[in-house]
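What follows is the residue order along each chain.
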Amino acid sequence: MSSFKHENVEDLYELLEKLGSGHFGEVRKCKEKSTGTFYAGKFIKTRKCKGSRMGLDREQVEREVFILQQLEHPNIMKLYDVFASKAEMVLILEMIRGGELFDFIAEKEALSEEEAIEFLEQILKGVAYMHARNIAHFDLKPENIMLLEKDIPHPKIKIIDFGLAQKIEDGTVYKSLCGTPQYIGPEVINYEPLGPPTDMWSIGVITYILLSGMSPFQGETDAETLTNVVAGNYEFDDRFFKETSEMAKDFIRQLLLKEPSDRMTAVECLIHPWIKPLNRKQAVNRSRSSINMKNFKKFNARRKWKLSYNMVSACNRLCRMKLLCNPVKNDEDLRQCESDQEDEKTKPVTLLRRRLSSCS
Ligand code: ATP
């Protein structure tokens, strides 16, 4: 892909309905006029000047673009083109029609571990590919795992939203207080070096939820969740894991390890016997074990409710704070954490900061 285009995106694409929204813009279906091909256009408002409260820093969007340009894998959303104007950048992305993986699963009556592994394996392949290029996603969570199409026999996973992703150059240390409390590793909270193992922790959390419908570290408040993460406090409660195989638990145990270098890498995960059985007995075991669908559906309904609640309360907060018209004093003031909680008062803003675009 060549450098950014400076013409008006509407000269080349017809803008159609909204597909989703982020904190600093929206994603719309676009039709390329010359070919009739559909894409997803991610419209991101950029800051006009350093002191402006509106929009993302242009460098942040450029970093997302720079990373996406290096990734070409069947399980990673592809970037086709970028338009840049003074106030906005538009990323022309592969159109993903199948919605979120968790929503797709929640519609099912039942799902065996074997079927869940089909999805997990694709996530791991995408993650192994990016890690091999020294790129870490740093925001792996159910909202960012989508399906290209859903009404087909074996839907294809697409990992999206590289807004927090980083290229970790050899010999450099990257630290950040970014992410969503439920999914971040202890090293994020402790402000220690981050890297590919940080993504592997998130995969451990996602797998735990997928199998049980429970979130391993979720507390009553964000502060409690963060304390649980740092302490590595989790268990496999029999009430929720009675249908789960021992191999699946072993897989999770080898990811939810406090020391990042002790965790399995994505490549190691792909050869763990739960993912790649060594014999018939192990294979049969997976197909007989199933995910806790009743609880998973409950988890997903709660998750969706929280996402919409957070979006509405973030808008209300912006209005209350008059962010839309007042200039800022301090860059740091802009930053907010991505909270799992509905209660704003419980949010340890100082501990966890999401990138500028996110304040739910
Ligand atoms: P956030 O601020 O929450 O991190 P964001 O601004 O980085 O969000 P994305 O997460 O990339 O934006 O996209 C927002 C939503 O738009 C997604 O949750 C998804 O529903 C939809 N979306 C994103 N990319 C695509 C795509 N390529 N095809 C279809 N829908 C998409």
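Residues numbered from 1 in each chain as written. Predicted model: local features only at pLDDT ≥ 70, side-chain atom pairs only at ≥ 80, totals over all residues. Heavy atoms only, no water.

### A closer look at the overall build of the protein chain
Helices and strands together make up the secondary structure of the protein chain, namely 13 helices and nine strands. Residues counted as buried form 54% of the 360 residues belonging to the protein chain. Taking the intrachain contacts of the protein chain between residues at least 6 apart in sequence as the baseline, contacts between residues at least 24 apart amount to 66%. Carbon and sulfur atoms form 52% of the exposed surface of the protein chain, whose accessible area is close to 16,800 Å². (Helix = DSSP H or I, 4+ residues; strand = E, 2+ residues; numbered from the N terminus. Buried < 20%, exposed > 50% of the residue type's maximum accessible area, 1.4 Å probe, protein only. Contact = heavy atoms within 4.5 Å. Areas by Shrake-Rupley, 256 points an atom, 1.4 Å probe, with all protein chains shown as cover.)

### Some remarks on the packing of aromatic side chains
Throughout the structure, instances matching the rule amount to 15 aromatic pairs. Their ring planes at 90 degrees and their centres at 5.9 Å tell us that Tyr13 and Phe83 sit as a pair that is edge-to-face. Placement of Tyr13 in strand β1 (residues 13-22) and of Phe83 in strand β4 (residues 79-84) is noted, with a sequence separation of 70 residues between them. Here Tyr13 matches Phe83 in class, with each residue buried. Note on Trp201 and Phe217: the rings are 5.2 Å apart at their centroids and 20 degrees apart in plane angle, and the pair reads as stacked. Highlighted residues: Trp201 in helix α6 (residues 196-212) and Phe217 in the loop between α6 and α7 (222-231), separated in sequence by 16 residues. As far as burial versus exposure is concerned, Trp201 and Phe217 are alike and both buried. Three or more aromatic residues joined by ring pairs form one cluster here, namely Trp201, Tyr208, Phe217, Tyr234, Phe236 and Phe241. Lying over the aromatic face of Tyr80, Lys78 brings its terminal NZ or CZ to 5.2 Å of the ring centre. Note that Arg133 overlies the ring of Tyr129, its terminal NZ or CZ placed 3.7 Å from the centroid. (Phe/Tyr/Trp six-rings, centres within 6.5 Å; stacked < 30°, edge-to-face > 60°. Lys NZ or Arg CZ within 6 Å of the ring centre and 35° of its normal.)

### Considering α7
Here α7 has its buried residues at Asp222, Thr225, Leu226, Asn228 and Val229. Across the axial projection of α7, the buried residues extend over an arc of 160 degrees, all falling on one side. Remark: Gly232 follows α7 within two positions and exhibits a positive phi of approximately 65 degrees. (Arc of directions from axis to C-beta.)

### Quick look at the sheet that holds strand β5 (residues 88-94)
Sheets are built from strands that pair by backbone hydrogen bonding, the pairs being arranged parallel or antiparallel. With respect to topology, five strands assemble into an open sheet ordered β1-β2-β3-β5-β4, the strand pairing being antiparallel. Of all strands in the sheet, those bounded by a partner on one side alone are β1 and β4. The sheet shows a mean angle of 25 degrees between the axes of neighbouring strands, direction not considered. Alignment of strand β3 (residues 38-45) against β5, held across seven bridges, turns out to be antiparallel. Considered in β5, the bridge of Ile44 is made with Met89. Lying on the sheet, helix α2 (residues 58-69) is in contact with β3, β4 and β5; it crosses β5 at an angle near 20 degrees. (Pairing = 2+ DSSP bridges. Axes fitted to C-alpha atoms, helices over the stretch in contact; angles between N-to-C directions.)

### A short note on a positive patch on the surface
Positive charge collects at one region of the surface, where Lys242, Lys294, Lys298 and Arg302 lie side by side. Structurally, Lys294 can be placed in helix α12 (residues 293-320). Lys294 gets classed as exposed once you look at its relative accessible area, which sits at 69%. (Patch = residues over 30% accessible without salt bridge, like charges linked within 9 Å, V, L, I, M, F, W, Y side chains within 5 Å. Salt bridge = Lys/Arg side-chain N within 4 Å of Asp/Glu carboxyl O. Lys, Arg positive; Asp, Glu negative; His and termini not counted. Charge placed at Lys NZ, Arg CZ, Asp CG, Glu CD.)

### Comments concerning the environment of Lys42
Structurally, Lys42 can be placed in strand β3. You can call Lys42 buried: its relative accessible area is 16%. Look past the residues within four positions of Lys42 in its chain and what remains in contact with it is Glu26, Val27, Glu64, Met89, Val90, Leu91, Leu93 and Asp161.

### Description of the UniProt feature "binding site: ATP" (unreviewed entry) in the protein chain
According to UniProt, the "binding site: ATP" (unreviewed entry) feature falls on Lys42. Within the structure, the side chain of Lys42 is placed 2.9 Å from the side chain of Glu64, a separation counted as a polar contact. (UniProt positions renumbered as here; feature names shortened; annotations may be inferred. Polar contact = N/O pair within 3.5 Å; in protein donor to acceptor, adjacent residues only side chain to side chain.)

### Some points on the domain arrangement of the protein chain
Domain annotation of the protein chain identifies domain 1 (16-94) and domain 2 (101-298). If you average the C-alpha positions of domain 1 and of domain 2, the two centres end up 26 Å apart. Contacts between domain 1 and domain 2 engage 15 residues on the former and 20 residues on the latter. Together domain 1 and domain 2 conceal approximately 1,500 Å² of surface at their shared face, both sides included; 58% is due to carbon and sulfur atoms. (Domains from an automatic or database assignment. Buried area = accessible area lost by both parts, 1.4 Å probe.)

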